[in-house]
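# Tertiary structure, described
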Amino acid sequence: MEQKWPQEIWLVRHGQSAGNVARDAAEAAKGLMIDIAERDVDVPLSELGVQQSHALGDWFAAMAPDRQPSVVLHSPYLRAAETARIVRQGIDGAGQLTARVDERLREKEFGILDRLTTHGISHRYPDLYEQRQHVGKFYFRPPGGESWCDVILRLRSVLDTITREYAGERVLIVGHQVTVNCFRYLLERLDEATILEYDRNGDVPNCSVTSYSFDPSLGKRGKLQLKLVNFVAPLEAAGTPITVSKDVPAAPKA
């Protein structure tokens, strides 16, 4: 029977961005606003984010050619596009690796809450803050923004495209924290409680890899098997590793 899934899928959150740095500083200071001038779509990588992207490109380049990505799909947001470009250069300096921008991979839209910290939301929109706490982020949709369910809806159509156009390929997807988590929800057939528990356990690390490999022995037509969760390629300074995140294997299925 014909294989419908790619041979490999790698989900990658973009490298650290200037927005990530500004958000962390604002949250630590209990500020109301994230101090960043650009539109969210135009926020670039930080210097560390560039280093992380190069490290990830080197990690992919070290694979055998027949194991490396054969196509790259990425969010149009600058930080994701920059990550994808740097990783592609690391894998294929000649620029022959197919890359596609897909707006469905964009960051979750925050609407009226854009650029506000958690403290800022509770201070400026106490009713919305209370509703968000009650409903939970999976279903809560801020005015002008999206819930996780809205993101999942657009990612379902991305998976339709992937199974139609990239069956048997090795697909690298560069997106955002919420898109990685929502893809996990879909590919692993999770429920709300499970994916939100993963989210509570910590952020998806910048430039981390969560991966799936096609296993023809699973099910009637084969399935994608989770292999890596939040793996981060080590950074190097003058040839000496300075940051090492261990390969986190997938938990065994019950």
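Residues numbered from 1 in each chain as written. Predicted model: local features only at pLDDT ≥ 70, side-chain atom pairs only at ≥ 80, totals over all residues. Heavy atoms only, no water.

## Notes on the sheet that holds strand S4 (residues 170-175)
Judged by pairing direction, the sheet is mixed, and its 6 strands sit side by side in the order S3-S2-S4-S1-S5-S6 without closing on themselves. The sheet is open, and its two borders are formed by strand S3 (98-101) and strand S6 (223-232), each paired with just one other strand. Each strand axis lies, on average, 15° off the axis of its neighbour in the sheet, ignoring direction. For strand S1 (residues 8-13) and S4, the ladder comprises 6 bridges, and the chain directions are parallel. Looking at the pairing, Trp10 lines up with Leu172 of S4. (Pairing = 2+ DSSP bridges. Helix = DSSP H or I, 4+ residues; strand = E, 2+ residues; numbered from the N terminus. Axes fitted to C-alpha atoms, helices over the stretch in contact; angles between N-to-C directions.)

## With respect to the environment of Gly95
Residue placement: Gly95 occurs in the loop between helix H3 (78-91) and S3. Distance in space between the C-alpha atoms of Gly95 and Arg85 is 9.4 Å, their sequence separation being 10 residues.

## Some remarks on the confidence of the model for the protein chain
The predicted model of the protein chain has a mean per-residue pLDDT of 91, with 92% of residues at 70 or higher. Between residues 237-254, whose pLDDT stays under 50, and residues either more than four places distant or in other chains, the model counts 21 contacts. (pLDDT = per-residue confidence, 0-100. Contact = heavy atoms within 4.5 Å.)

## Remarks on the environment of Asp42
Position of Asp42 relative to the elements: it lies in the loop between helix H1 (18-28) and helix H2 (47-61). Linking Asp42 and Leu78, residues 36 residues apart in sequence, is a C-alpha distance of 5.3 Å. Within polar-contact distance, the side chain of Asp42 engages the side chain of Arg39 at 2.8 Å. (Polar contact = N/O pair within 3.5 Å; in protein donor to acceptor, adjacent residues only side chain to side chain.)

## Quick notes on the nonpolar core
Core analysis: the biggest nonpolar cluster contains 33 residues, and Leu11, Leu73, Leu155, Ile173 and Phe183 have the highest contact counts within it. Within the residue set of this core, elements represented by two or more residues are S1, strand S2 (71-74), helix H6 (148-165), S4, helix H7 (177-187), helix H8 (192-200), strand S5 (208-215) and S6. Contact partners of Phe183, with chain neighbours within four places excluded, come to Leu11, Leu105, Leu155, Val158, Leu159 and Ile173. If you look at the next biggest cluster of nonpolar residues, it comprises 20 residues, including Val12, Phe60, Val72 and Ile91. (Core = buried A, V, L, I, M, F, W, Y, C linked by side-chain atoms within 4.5 Å. Buried < 20%, exposed > 50% of the residue type's maximum accessible area, 1.4 Å probe, protein only.)

## A look at the pattern of salt bridges
This structure, assessed with the given rule, holds 14 salt bridges. For Arg79, the salt bridge is made with Asp40, and the minimal N-O distance between the two is 3.0 Å. Taken together, the positions of Arg79 in helix H3 and Asp40 in the loop between H1 and H2 put the pair 39 residues apart, joining distant regions of the chain. Through salt bridges that share partners, Arg106, Glu109, Glu146 and Arg154 make up one connected network. (Salt bridge = Lys/Arg side-chain N within 4 Å of Asp/Glu carboxyl O.)

## Overview of unusual backbone geometry
Phi is positive for Lys30, close to 55°, though the residue is something other than glycine. Assignment of secondary structure puts Lys30 in the loop between H1 and H2.

## As for H7
Within H7, 11 of the 11 residues are buried, leaving the element largely enclosed by the surrounding structure. Following H7 by one or two positions, Arg189 adopts a phi angle in the positive range, close to 55°.

## Comments concerning the packing of H6 against H7
Here H6 crosses H7 at 65°, and the two axes come no closer than 9 Å. When the axes of H6 and H7 are compared, the pair comes out roughly perpendicular. The two elements H6 and H7 meet at a crossing, and its hand is right-handed. Between H6 and H7, the residues in contact are Trp148, Val151, Ile152, Arg154, Leu155, Arg156, Val158 and Leu159 and Val178, Thr179, Asn181, Cys182, Phe183, Tyr185, Leu186 and Leu187, respectively. When the residues that make up the contact of H6 with H7 are grouped by side-chain class, the tally is 12 nonpolar, 2 polar and 2 charged. (Parallel < 35°, antiparallel > 145°, perpendicular 65-115°, else oblique. Left-handed = near helix turned anticlockwise from the far one by under 90°. Nonpolar A, V, L, I, M, F, W, Y, C, P; charged D, E, K, R; others polar.)

## Details of the pairing of S1
With 6 of its 6 residues buried, S1 lies for the most part within the structure. Burial along S1 is two-sided: the face carrying Glu8, Trp10 and Val12 and the face carrying Ile9, Leu11 and Arg13 are both buried. Here S1 runs beside S5; their pairing, made up of 5 bridges, is antiparallel. Its bridge partner being in S5, Val12 is matched across the sheet by Val209.

## Some words on a positive patch on the surface
On the surface, Lys4, Arg189, Arg221 and Lys223 cluster together to form a positively charged patch. As for its position among the elements, Lys223 is in strand S6. Lys223 gets classed as partly exposed once you look at its relative accessible area, which sits at 38%. (Patch = residues over 30% accessible without salt bridge, like charges linked within 9 Å, V, L, I, M, F, W, Y side chains within 5 Å. Areas by Shrake-Rupley, 256 points an atom, 1.4 Å probe, with all protein chains shown as cover. Lys, Arg positive; Asp, Glu negative; His and termini not counted. Charge placed at Lys NZ, Arg CZ, Asp CG, Glu CD.)

## Description of the pairing of S6
On any regular strand, side chains alternate: one points to one face of the sheet, the next to the other face. Counting buried residues in S6 gives 7 out of 10 residues, a clear majority hidden from the surface. Taken together, the 7 bridges between S5 and S6 define a ladder with antiparallel strand orientation. Among the inter-strand pairings, Val209 is bridged to a residue of S6, identified as Phe231.

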